[in-house]
Amino acid sequence: MSLMVRSPVETERFRAWGPHQLDEIAARYGIPPDLQESIRLVSRVLPFRVNEYVLSHLIDWSDVPDDPMFQLVFPQLEMLREQDRRSLVRLTGTDTRRSDARAAVRRIRERLNPHPSGQREYNVPSLDGERLSGLQHKYRETVLYFPGHGQTCHAYCTYCFRWAQFVGEPGLRFAARGPTGLIAYLHRHPEVSDVLVTGGDPMVMSTERLRSHLEPLLDVETVRTIRIGTKAVAYWPQRFVTDRDADDLLRFMERMTATGRQVAVMAHFSHPRELGTGTARRALARILSTGAVVYCQAPLIAHVNDWASTWNELWRTELAAGAVPYYMFVERDTGPHGYFRVPLARAVSVFQDAYRLLPGLARTVRGPVMSATPGKVVVDGVESAPDGKFFRLRMLQARDPSLVGRPFRAPYSPTAAWLTELGADPSTPADIAAAVHGAHTPAPARAGSAGQWREEHR
């Protein structure tokens, strides 16, 4: 297959803007002083990064601060608890020592649940008794790989559940120096067919660097799907169109697909505006021309996309661009979750209202889905029964494969926004109840037959 959609001449180089450039951004776009200081304050705790493309093409500056894309990339004061905001204000005093300020910021971050759903406790695999840095193995067939060179992004989403990767705390970061440990692990674990390369964003790496991480996967015959999680099409589509090595990147993707493997670009689009530029559409067309498939996913988040019309437009736009609508996630219980949380009852309503007006080919999307400790739990709806009102739930994916696809229910709550906020229902099968509500959580993934897997994970 050839690259049928050619790139134009290079026109723009990437430049990141962060807290140190906030004055320049504020002067350029007229951010009021009080809002500017709020952004500066919160960015001491949560990561803040944008770029020229996001600033000039995605944000409607006439609607700031309510503009969804502004909310998506600029930290807001209400993202932190009032007591933490007061603490940060005190730290700005000239008498505060740097070490005391760092310690206070670290305490605030720890209260923000930096590693939700047991990632550090349950997902990190071992090889010959040693934990493998930069890998996660939660589901039997899929391993997540965090290449150390890709643990940043072209811009940071304020809702990001991996915010801890970007705050400069080594103890909070998943990162692998290189693929040696991953390849050794995969050779020992032939049940793994999918590798998800994630971060951060692997597409911040040069093509040469990316190739050094991914090329060794082509020598592991049992790996049949290589997934690349990225927000680059939304935040820096030039990576696929006008960057100096954009053509090299696409040729490498084309080479991977030529080996018979599926290359799946897991694209994060939070709002239809991210697909509204010609550069973004060209980026998608070029990716698809390599034989790769593009799957689209994002969480439902207050202040950004918590309207059915937004999701319906987003999924239709993705479909029109040749991509596959895949997941509507529930925002995880980490970081500024209180600011972005949407109750499950409303999440169901938003999803169903958006879904029912889709054309059939766009009904590939699944949601709302909680990626929780026991696995991915989809909320299929709300039902009224003789014994009460309930959420209908289903294990879409699970640590224990025997739970996959099985339904259960939980008592209805108008305010619950996460699995741990739901009560238990006596009718729930014992093994599902143990996985969802029990104190014991299964160990990380290990090799073995499906039956052996189930025994090890009970």
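Each residue is numbered by its place in its chain's sequence as written, counting from 1. Only residues with pLDDT of 70 or above have their local features reported here, since the model is predicted, and side-chain atom pairs are shown and tallied only from 80 upward, although totals for entire chains, interfaces and linings are computed over all residues. Only heavy atoms go into the side-chain values, all of them from the structure, while hydrogens and water stay out.

1. Some words on the packing of helix H14 (residues 308–320) against helix H16 (residues 344–355)
In plain terms, the rule: With axes taken as lines fitted to C-alpha atoms, and helix axes fitted only over the stretch in contact, angles between N-to-C directions fall between 0 and 180 degrees. Working definition: helices are DSSP H or I runs of at least four residues, strands are E runs of at least two. Numbering for both runs from the N terminus. Orientation labels follow simple angle bins: below 35 degrees gives roughly parallel, above 145 gives roughly antiparallel, 65 to 115 gives roughly perpendicular, and whatever is left gives oblique. Crossing handedness is read from the near helix: turned anticlockwise from the far helix by less than a right angle, it gives a left-handed crossing, and turned clockwise, a right-handed one. Whether two residues are in contact is decided by their heavy atoms, any of which lying within 4.5 Å being enough.
Remark: H14 packs on H16, axes separated minimally by 8 Å, with the N-to-C direction vectors making an angle of 45 degrees. As judged from the angle between their axes, H14 and H16 are oblique. The element H14 and its partner H16 pack so that their crossing is right-handed. Along the contact surface, H14 presents Ala308, Trp311, Asn312 and Trp315, while H16 presents Val350, Phe351, Asp353, Ala354 and Tyr355.

2. So, the side chain of Thr225
Checked against the element boundaries, Thr225 lands in strand E8 (residues 225–230). Contacts of Thr225, omitting those with residues within four sequence positions, involve Ser193, Asp194, Val195 and Gln262.

3. Topic: the pairing of strand E7 (residues 194–197)
Stated formally: When a residue's accessible area, from a 1.4 Å probe over protein chains only, is under 20% of the maximum for its type it is buried; when over 50% it is exposed; and in between it is partly exposed. Two strands qualify as a pair provided that DSSP identifies no fewer than 2 bridges between them. With its strands directed away from the observer, a crossover is right-handed exactly when the path from the first strand over the helix to the second travels clockwise.
Residues Asp194 and Leu196 line one face of E7 and the alternating positions Val195 and Val197 line the opposite face, and both faces are buried. For strand E6 (residues 142–145) and E7, the ladder comprises four bridges, and the chain directions are parallel. In the strand pairing of E7, Leu144 is matched with Leu196. Chirality of the crossover, the property in question, places the unit of E6, helix H8 (residues 180–188) and E7 among those that are right-handed. Pairing geometry for E7 and E8, over four bridges, is parallel. Its bridge partner lying in E8, Asp194 is registered against Thr225.

4. Overview of unusual backbone geometry
The omega torsion across Gly199 and Gly200 is 20 degrees, close enough to zero to call that bond cis. With respect to the helices and strands, Gly200 occurs in the loop between E7 and helix H9 (207–214). In this structure, Pro368 follows Gly367 across a cis peptide bond, with omega equal to -15 degrees. Non-glycine residue Asn113 carries a positive phi angle of around 50 degrees. Summarising the element assignment, Asn113 is placed in the loop between helix H6 (98–111) and helix H7 (119–122).

5. What about the packing of aromatic side chains?
Going by this rule: For this analysis, a ring pair means two rings from Phe, Tyr or Trp (six-membered ring only for Trp) whose centres lie within 6.5 Å, classed as stacked if their planes differ by under 30 degrees, edge-to-face if by over 60, and tilted for the remaining angles. The rule is short: NZ of Lys or CZ of Arg within 6 Å of the ring centre and within 35 degrees of the ring normal puts a charge over the ring.
Throughout the structure, instances matching the rule amount to 17 aromatic pairs. Geometrically, the ring pair formed by Tyr295 and Tyr326 is tilted, given 5.1 Å between the ring centres and 55 degrees between the ring planes. Highlighted residues: Tyr295 in strand E10 (residues 293–300) and Tyr326 in strand E11 (residues 324–330), separated in sequence by 31 residues. For Tyr326, a relative accessible area of 16% corresponds to the buried category. The interplanar angle of 35 degrees and the centroid separation of 5.1 Å between the aromatic rings of Phe391 and Tyr412 together place this pair among those described as tilted. Here Phe391 is found in strand E14 (residues 388–398), whereas its partner Tyr412 is found in the loop between strand E15 (407–411) and helix H17 (430–437), with 21 residues between them in sequence. Connected via pairs of aromatic rings, a cluster forms that spans Tyr29, Phe48, Trp61, Phe70 and Phe74. Lying across the ring of Tyr412, Lys389 places its NZ or CZ 4.2 Å from the centre. In this arrangement the basic side chain of Arg409 is found over the ring face of Phe390, its NZ or CZ atom lying 3.6 Å from the centre.

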